[in-house]
Amino acid sequence: MQKIDLLGMSLTDYTLKEAQGIAERYLRGGVCNSIVFLSAKMLVGAGINRMQKQWLEDVDLIAWSDAEILKKAGVTSKARIHDVENREFLKSYLKTLAKSGQTIYLLSDSESELEQFRQDLFHLRGDLRIIGEMVVEEDVTDYDAVVNALNIVAPKVIISKMAYDRLEVMMTNYRKYLNAEVWIAMNDQMNLNEERRNLLRVLADRWYHMLLYKHVEEYEQKKENENVKSSSGE
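Thresholds, definitions, all that
Residue numbers run consecutively from 1 along every chain, following the written order of its sequence. It should be noted that, the model being predicted, local features are given only for residues of pLDDT at least 70 and side-chain atom pairs only at 80 or more, the latter also being counted only at that level, while totals for whole chains, interfaces and linings use all residues. Heavy atoms from the whole structure form the basis of all side-chain values; hydrogens and water molecules are not counted. Each residue gets one of three labels from its accessible area relative to the maximum for its type: buried under 20%, exposed over 50%, partly exposed in between, using a 1.4 Å probe on protein chains only. Each helix corresponds to a stretch of at least 4 residues labelled H or I by DSSP, and each strand to a stretch of at least 2 residues labelled E; elements are numbered beginning at the N terminus. Arc definition: directions from the helix axis to the C-beta atoms. Any two residues whose heavy atoms approach within 4.5 Å are treated as being in contact. Throughout, the protein atoms alone are placed on a 1 Å grid, and a set of points is a cavity if a 1.4 Å probe fits but cannot get out or a pocket if it is open with protein on both sides within 12 Å along at least five of seven lines; lining residues have an atom within 4 Å of a point. Grid points are joined across faces, edges and corners, and a volume is the space filled by probe spheres set on the points. Think of it as three bins: nonpolar holds Ala, Val, Leu, Ile, Met, Phe, Trp, Tyr, Cys and Pro, charged holds Asp, Glu, Lys and Arg, and polar takes everything else, Gly as well. Nonpolar cores are built from buried Ala, Val, Leu, Ile, Met, Phe, Trp, Tyr and Cys residues. Side-chain atoms within 4.5 Å join them into one set. Basic side-chain nitrogens of Lys or Arg form a salt bridge, by our definition, when they fall within 4 Å of a carboxyl oxygen of Asp or Glu.

Draft legend 1. Molecular detail of helix α1 (residues 16-26). Every buried residue of α1 is accounted for by Leu16, Ala19, Ile22, Ala23 and Tyr26. Looking straight down α1, one finds its buried side chains confined to an arc of 130°; they lie on one side. Buried residues along α1 sit in contact with β3 (33-38), β4 (61-64), α5 (78-85), α6 (88-99) and β8 (182-187).

Draft legend 2. Looking closely at the layout of surface pockets. Taken as a whole, the second largest pocket encloses approximately 220 Å³ of empty space. Lining the second largest pocket are Ser34, Met51, Gln54, Trp55, Asp58, Val59, Glu168, Val169, Met171, Thr172, Asn173 and Arg175. The set of elements that each furnish at least two residues to the lining of the second largest pocket consists of α3 (50-58) and α9 (164-174). Broken down by element, the residue count for the lining of the second largest pocket peaks at 5 residues, all from α9. Taken together, the residues of the lining of the second largest pocket sort by class into 5 nonpolar, 4 polar and 3 charged.

Draft legend 3. Representation of the nonpolar core in the model. Leu38, Trp55, Trp64, Leu107 and Trp183 are the most contacted members of the largest nonpolar core, which totals 46 residues. Sequence-distant contacts of Leu38, defined by excluding residues within four places in its chain, comprise Leu11, Leu43, Leu56, Ile62, Ala63, Trp64, Ser65, Ile69 and Asn187. Among the nonpolar cores identified, the runner-up in size contains 30 residues, and Tyr26, Leu90, Leu121 and Ile184 belong to it.

Draft legend 4. Structural context of the pattern of salt bridges. What the rule picks out here adds up to 9 salt bridges. Put simply, Glu68 and Lys71 hold a salt bridge, and the shortest N to O gap is 3.2 Å. With Glu68 and Lys71 both in helix α4 (residues 67-72), this residue pair falls 3 residues apart, about one helical turn. Residue Glu68 is classed as partly exposed on the basis of its relative accessible area, which comes to 36%. Residue Lys214 pairs with Glu218 through a salt bridge whose shortest N-O separation is 2.7 Å. Separated by 4 residues within a single helix, Lys214 and Glu218 lie in helix α10 (residues 199-232), roughly one turn from each other. By relative accessible area, which is 44% here, Lys214 ends up partly exposed. Residues participating in the shared-partner salt-bridge network are Asp13, Arg80 and Asp83.

Given below as structure tokens:
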């Protein structure tokens, strides 16, 4: 376990073994715990939006979309970087869900995204027990109907892949009303299948990585200047 200060956010990075143990306990926790895969875009947004920052700090278990973010967060362990690069946590947790027969419900932004999302999950683990799926349209502002539909089916696990700003609203305001045990949230730019890469998403991801690096450098410089002032008694 390693505590991380990233753009003023207090986050915790767990080893693969620690994260596996925590996530497995969530399956019998009695409340809907959140596992969120962070992207550069989400971190850039949280760096300038207090509510998004608070949401990420309140997530039960943080995972990482790619290793470059982890490196920028100051994690240098080759084992951790390898785990994130190879999506070891996601693969191992999907294996746990499949072998224990946990029921899964999928959420996404559009029919096309949902179709690809389902295919990519089955690419990672072909025996997942997916019992339902739903498209949450972009113009939806009242998520009561979504919550009711989910609770009627009562899946053990919800896995979503959607825009993080809408995800933030749903998780913050509605997660406590869900009967599910775990909500695994992936951002809409996260690539689950290296065999099917989207050039536009790759370019957008690079752009947000550059922005993240810029924000981190500015934050670290500001913190260093404040330390110098404090030590000099200004």
